[in-house]
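Here is what each chain is made of, one letter per residue.
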Amino acid sequence: MLDAFSAETLKLRRHRATWFLVWIFPIGALILYSIAIMVQLSRGLPPSPVAPELETWLNNAANFWGLPRSGFGRIIVTAYVAIVFAGEYAWNTWKLIVPHRARPSLIAAKFAVSLLLLYTAFLAAALLVNLLGTLNDMARGNPLPEGISAGAIAMAHVKGFAASLPGVLLSAAIAALAAILTRTTAAAIVIGIIVITLEQLFTAFAPVLSLYLPGMVEGLYTMLPGYHLANLTSWILDGSGMVVPFPNGATVAWGWQGSAAVVAAWIVGLMTLSFWRFGRQDIN
Amino acid sequence: MEPVLELADLSKSYGRGERAVHAVRHVSLTVGPAEVYGFLGPNGAGKSTTIRMLLGLIRPSGGELRLFGQTLADNPSPLRRVGSLVDGGNFYPFLSGRRNLEVLARTMGRGRERIGDLLAQVGLAKDGGRKVKGYSTGMRQRLGVAAALLGDPDLIILDEPANGLDAAGIQEMRILIRSLAEEHGKTVFLSSHLLHEVQQLCDRVAIISQGTMIHESRIADLLRHDSGYRVEATPVSVAEAALAARWPTQSDGEALLVDASREDVPDMVRRLVGAGADVHAVAPTQRNLEEVFLSMTQSGETPDA
């Protein structure tokens, strides 16, 4: 397994998609924040008169983590994972490596390395945003809130990381399965984008849709992962669940354990399908 | 000695029922150690499908496949003793030739010590650092051979290894393949449409047509079975009448081509003399592998039939 992981790392480190869809996060954060700081300093704005609340400051410090769990961030993840998996079909390179390694280990290595690279980039970007934001405050003379500690900052990042993880894993699982089923990069990316967009639209508009299809929409709402992803984020970041009232008077409000179980079932189910399908697939 | 490769009734179908396409039907063959085995057939005959089944890329629909005495059904480990070149070498275009071999070596769980020597062996020592997307077809083919040899395999499966190579490259490839078997004791299973190469390289051949294996033998046996005699005798019409009564005989205007064996020669001469013909020459003819192959794959018959 370590051999497959090592081979995958060597391969992906040098792939252009890794630069454009993974390292773009820290590079983009560095460039955008540097420009923003220079613009603010050049305008000579006066320092803020009061320090923000500690919680607000910590939320801002770790606000990068909102990107990977957003629709846009998840689409980037989908595109990258689709390229990682479907690329082997496009380059015909499964024929090179499949005879030498059990198929499940090849798929597992792809999941592991693509997620590791993505989270290395996310962490680097989150820390850069945190650092540059603090430098900006210090350069402008903004007062910092009392009680800032390394532990509090680390906890803010851990929460941001944890809140992003379910959505990123689900997006990766969708993209990998789409790539294995379609064997083409473009189709896998398009399918991934459509699925994620539909999931988010349904989550947003389910209460309205339930006016037309009462019962069924609520059932789907609690079965599909959209609500549960948002609910988990709410539990992790705010310490309370998301309460969604429906027009018929019903309310959806799950505990974190239930939502975690549903999301885990989707992720494990989709990944298992990928392993199963690839294990039986003819590489023509 | 235990066979390196055994196929028993190996079949592959796509689709079901009346729409099923039978790509390979009941192919059975055995390849022994240090043998160079040729797998011949026209385009679409089922060669590549068979090779992909050997490599675990395609699941057989039926039959059994054994490598080094072990079945592949639920145990891919014998494939670790196999090196392969399929479809002219498929590599990651954004990596150099050397990096591609490193990826493969890591996948195999092997070190990269042999990579430099192998690149030199296939003539890519200078170009190993270039990205594969800039390689010619022949260079990819050479890199494919290096990849096939990377794990120091006991069985090397080569699908059209001479594709894209120039005359000098083909000759080098021939020498390399023969040396693998004769000097290093490797078994080579190769498909090719270059029948001249197969004739010079292989110990035995199997011929497959429309998914069915129609012949398997040593090359020498295959060609010997298909030999006949060229008879120059006058008058031609008298000679033809004398011989055609006993053996299949064709006239090319100047001589007669007689489908007869060496044991038949004295009887042939007696018949000709008895009929009053003057015998000027009786010489064995031998069709080359290409002619044999074409006649077999076009007629669907074996030379023994």
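Values in this document were obtained by computation on a predicted structure and should not be read as measured data.

About the thresholds
- Residues numbered from 1 in each chain as written.
- Chains lettered and ligands numbered in written order.
- Predicted model: local features only at pLDDT ≥ 70, side-chain atom pairs only at ≥ 80, totals over all residues.
- Helix = DSSP H or I, 4+ residues; strand = E, 2+ residues; numbered from the N terminus.
- Contact = placed C-beta atoms within 7 Å.
- Buried ≥ 20, exposed ≤ 12 C-beta atoms within 10 Å, placed from the backbone.
- Pairing = 2+ DSSP bridges.
- Axes fitted to C-alpha atoms, helices over the stretch in contact; angles between N-to-C directions.
- Parallel < 35°, antiparallel > 145°, perpendicular 65-115°, else oblique.
- Left-handed = near helix turned anticlockwise from the far one by under 90°.
- Nonpolar A, V, L, I, M, F, W, Y, C, P; charged D, E, K, R; others polar.
- Domains from an automatic or database assignment.
- Expected span 1.5 Å × (residues − 1).
- Arc of directions from axis to C-beta.

Draft legend 1. Region of interest: the overall build of chain B. Along the backbone of chain B there are 10 helices and 14 strands. Principal axes of the C-alpha set define a box for chain B whose edges measure 75 × 50 × 40 Å. Nonlocal contacts in chain B, meaning residues at least 24 apart in sequence, comprise 69% of its contacts between residues at least 6 apart.

Draft legend 2. Quick look at the pairing of strand β7 (residues 155-159) of chain B. Residue and element names in this part refer to chain B. With respect to burial, β7 is a largely interior element, 5 of its 5 residues being buried. Because side chains alternate across β7, one face comprises the buried residues Leu-155, Ile-157 and Asp-159, and the other comprises Ile-156 and Leu-158, equally buried. With 4 bridges connecting them, strand β6 (residues 82-85) and β7 associate as parallel partners. When the sheet's bridge partners are listed, Val-82 is paired in β7 with Leu-155. The pairing of β7 with strand β8 (residues 187-191) spans 5 bridges and is parallel.

Draft legend 3. Representation of the packing of helix α4 (residues 54-61) of chain A against helix α9 (residues 150-182) of chain A in the model. All names here are of chain A. Across the interface, α4 lies against α9 with an axial gap of 9 Å and an inter-helix angle of 55°. In terms of orientation, α4 and α9 fall into the oblique class. As for the relative orientation of α4 and α9, their crossing is right-handed in sense. Mapping the contact onto sequence places Leu-58, Asn-59 and Ala-61 in α4 and Ala-152, Ile-153 and Ala-156 in α9. Taken together, the residues that form the contact of α4 with α9 break down as 5 nonpolar, 1 polar and no charged.

Draft legend 4. View of the interface of chain A and chain B. With 24 residues of chain A at the contact, the number on the chain B side is 27 residues. Of all elements in the fold, only α1 (2-13) and α7 (94-97) of chain A reach the threshold of two or more residues within the side of chain A that touches chain B. Among the residues forming the side of chain A that touches chain B, the class breakdown is 10 nonpolar, 6 polar and 8 charged.

Draft legend 5. The arrangement of the domain arrangement of chain B in detail. Partitioning chain B into domains gives domain 1 (5-222) and domain 2 (228-285). Using only C-alpha atoms to locate each centre, domain 1 of chain B and domain 2 of chain B end up separated by 45 Å.

Draft legend 6. Focus on α1 of chain A. Compared with an ideal rise of 1.5 Å per residue, which puts 12 residues at 16 Å, α1 of chain A spans 16 Å between its outermost C-alpha atoms and is within 8% of the ideal. Here α1 of chain A has its buried residues at Ala-4, Ala-7, Glu-8, Lys-11 and Leu-12 of chain A. Projected down its long axis, α1 of chain A shows its buried positions confined to an angular sector of 125°, all on one face. Every exposed residue of α1 of chain A that faces more than 90 degrees away from the buried side is listed here: Leu-2 and Arg-13 of chain A. Those residues of α1 of chain A that are buried are in contact with α2 (16-21), α6 (71-90) and α8 (103-140) of chain A together with α2 (97-108) of chain B.

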